[in-house]
Every structure is written in structure tokens, then in C-alpha cells.
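Listed below, chain by chain, are the residues.
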Amino acid sequence: DAMVIQNPRYQVTQFGKPVTLSCSQTLNHNVMYWYQQKSSQAPKLLFHYYDKDFNNEADTPDNFQSRRPNTSFCFLDIRSPGLGDAAMYLCATSSLIHRTYEQYFGPGTRLTVT
Amino acid sequence: GEDVEQSLFLSVREGDSSVINCTYTDSSSTYLYWYKQEPGAGLQLLTYIFSNMDMKQDQRLTVLLNKKDKHLSLRIADTQTGDSAIYFCAATVTGGGNKLTFGTGTQLKVEL
């Protein structure tokens, strides 16, 4: 089945220790997104890639970076995680070709910062 | 920018219908979506409606859109315990970079 995969599902990192979360997709969608979701809140868009074009949200901290080496993979790098970065991180994909703009989400990675 | 709001909680009995409401502010929203999120999981797309429609039915799900009032609802018929989850409505605007604005989410609790 075509899908969005996130690894790992649970990640524990230490305060200030860089961490990378990964996302892969078999949908061949040209747009990939990273969201941060804190407890009892709506997902908050951090950035997205339209093909290779990177689009950062204005309020995304510099501590968060992303890489998309090819269509299938996208990575979220947190350079120096703080306690406030503990959250669920969701990856999503979309295909503008279909013009219905729906996004398909992965299962998420729960990040704990100790 | 777009603002999307939902009530926080809804409790229903198994077998009853559930109606989850959502309001949005941007009249140029072109597509509106309903997502379901179970505990510890990602978001599952349930259905969506294009802004030139006023109703869409998909099995137990009925979406109603009142574009004049900028009001969207999701009706779940014959609600089951497996429907217990958080439901998010979301809106997108053509030319808005394909970005979704999510509501705050409605926690649906289904009681026996």
C-alpha cells in the first residue's frame, strides 16, 4: 500500500543533543510537510518542500532545519533540542497535480527531551 | 489569515448520531477537510468538500457546508466506540501554497 512512513515512532534525546527524524513516502507526491503537534493542540506547520523548493514558515525557530535529498525522503533536524521541543512531529505529503490539495499524514514521531 | 475554530468536546451514546461543527473566517477557502486523530497516531483524512458544494455523503459520514455563514459540519451516523478520537477540520485557499489551517480539534467521546 502507498503510504507515509516515519522513523522512529518514539525518539528520546538529551537537552542540546542534535536529533534527526525521518520521513519517507511511496505516494510519489511532490510536496512534503513537517508539522509540530503539542499535546491537545492542532498541528503547526514548520516548513514544506514543493519538489526541491524549501518553504519555511515565518515563525519556525532557526533550531529546526530540513533536508529533502530526493522525492521519497525528507528529514527534520533539530540542532539543539530544548525541553519545549518535546512534541509529536508529523510528516505529510500532497500532490498538487490532483488539485484537491489533501494531505496524507504519517503516524508521527513522539520526541521526548530529557 | 485564516482562523478555524471548533468546540472542544462532544459526548454521544453509541448508536446515536454525532455532529461536529467548525467555523472558518476566510471566504476564499476552496477545500475543507475533516481529519481524525486517534491517541498517539497521525491524522487520517476522512473526507473533504469543495467550496462549490453544500453537501457530501460518504457512507456514515455527511459533510455540510454553509458558505454564507462559513460553517462546516461533520455528521457521523450510528456512532461507534471506534469513532472516539479527536476530529480536526482544516481549510485551504487556492494559491495559499497548498497549506492547511487546522482547527483546534474536537474530542469525541462515545459512551456505551
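Right above here is the structure, for reference.
Draft legend 1. Summary view of the interface of chain A and chain B. On the chain B side, the residues contacting the 24 residues of chain A number 20 residues. Between chain A and chain B lies a buried interface of about 1700 Å² when both sides are counted; carbon and sulfur atoms form 57% of it. The tally of links between chain A and chain B comes to 1 salt bridge. In this structure, B:K99 engages A:E57 in a salt bridge whose closest nitrogen and oxygen atoms are separated by 3.2 Å. Across the contact surface, chain A and chain B share 5 residue pairs in polar contact (both at pLDDT 80 or more). The set of elements that each furnish at least two residues to the side of chain A that touches chain B consists of β4 (31-37), β5 (44-50), β9 (87-94) and β10 (104-105) of chain A. Tallying contributions element by element places β4(A) first for the side of chain A that touches chain B, with 4 residues.

Draft legend 2. Representation of the packing of aromatic side chains within the structure. Taken as a whole, this structure holds 16 aromatic pairs over all chains when the rule is applied. Relative to B:Y48, the ring of B:Y31 lies with its centre 6.1 Å away and its plane at 65 degrees, an arrangement referred to as edge-to-face. With B:Y31 in strand β4 (residues 29-37) and B:Y48 in strand β5 (residues 43-50), this residue pair connects regions lying 17 residues apart in the sequence. Residue classification places B:Y31 among the buried positions, given a relative accessible area of 11%. Taken together, the ring pairs in this structure connect A:Y33, A:Y35, A:F105, B:Y31, B:Y33, B:Y35, B:Y48, B:F50, B:F88 and B:F102 into an aromatic cluster. Directly above the aromatic system of B:Y48 lies the positively charged group of B:K56, at a separation of 4.1 Å from the ring centroid.

Procedures and definitions
- Along every chain, residues carry numbers that run from 1 in the direction the sequence is written.
- For naming, the first written chain is A and the first written ligand is 1, with later ones following in the order written.
- Local features in this predicted model are restricted to residues whose pLDDT is 70 or higher, and side-chain atom pairs enter the listing and the counts only when it is 80 or higher, whereas totals over whole chains, interfaces and linings include all residues.
- No hydrogens and no water enter the side-chain calculation; it runs on all heavy atoms of the structure.
- In what follows, residue pairs with any heavy atoms lying within 4.5 Å of each other are defined as contacts.
- Accessible area that two parts lose when put together, evaluated with a 1.4 Å probe and summed over both, is termed the buried area.
- We count a salt bridge whenever a side-chain nitrogen from Lys or Arg sits within 4 Å of a carboxyl oxygen from Asp or Glu.
- N or O atoms closer than or at 3.5 Å make up a polar contact, with two conditions inside protein: a donor-capable atom paired with an acceptor-capable one, and, for residues adjacent in sequence, both atoms drawn from side chains.
- A helix here means a DSSP run of H or I that spans at least four residues, while a strand means a run of E at least two residues long, and both kinds are numbered starting from the N terminus.
- Within 6.5 Å between ring centres, the rings of Phe, Tyr and Trp (the latter by its six-membered ring) count as paired, and their orientation is classed by plane angle as stacked under 30 degrees, edge-to-face over 60, tilted in between.
- Partly exposed residues are those whose accessible area sits between 20% and 50% of the maximum for their type, while under 20% is buried and over 50% is exposed, using a 1.4 Å probe and protein chains only.
- By definition here, charges over rings are those cases where NZ of Lys or CZ of Arg is within 6 Å of the ring centre and within 35 degrees of the ring normal.

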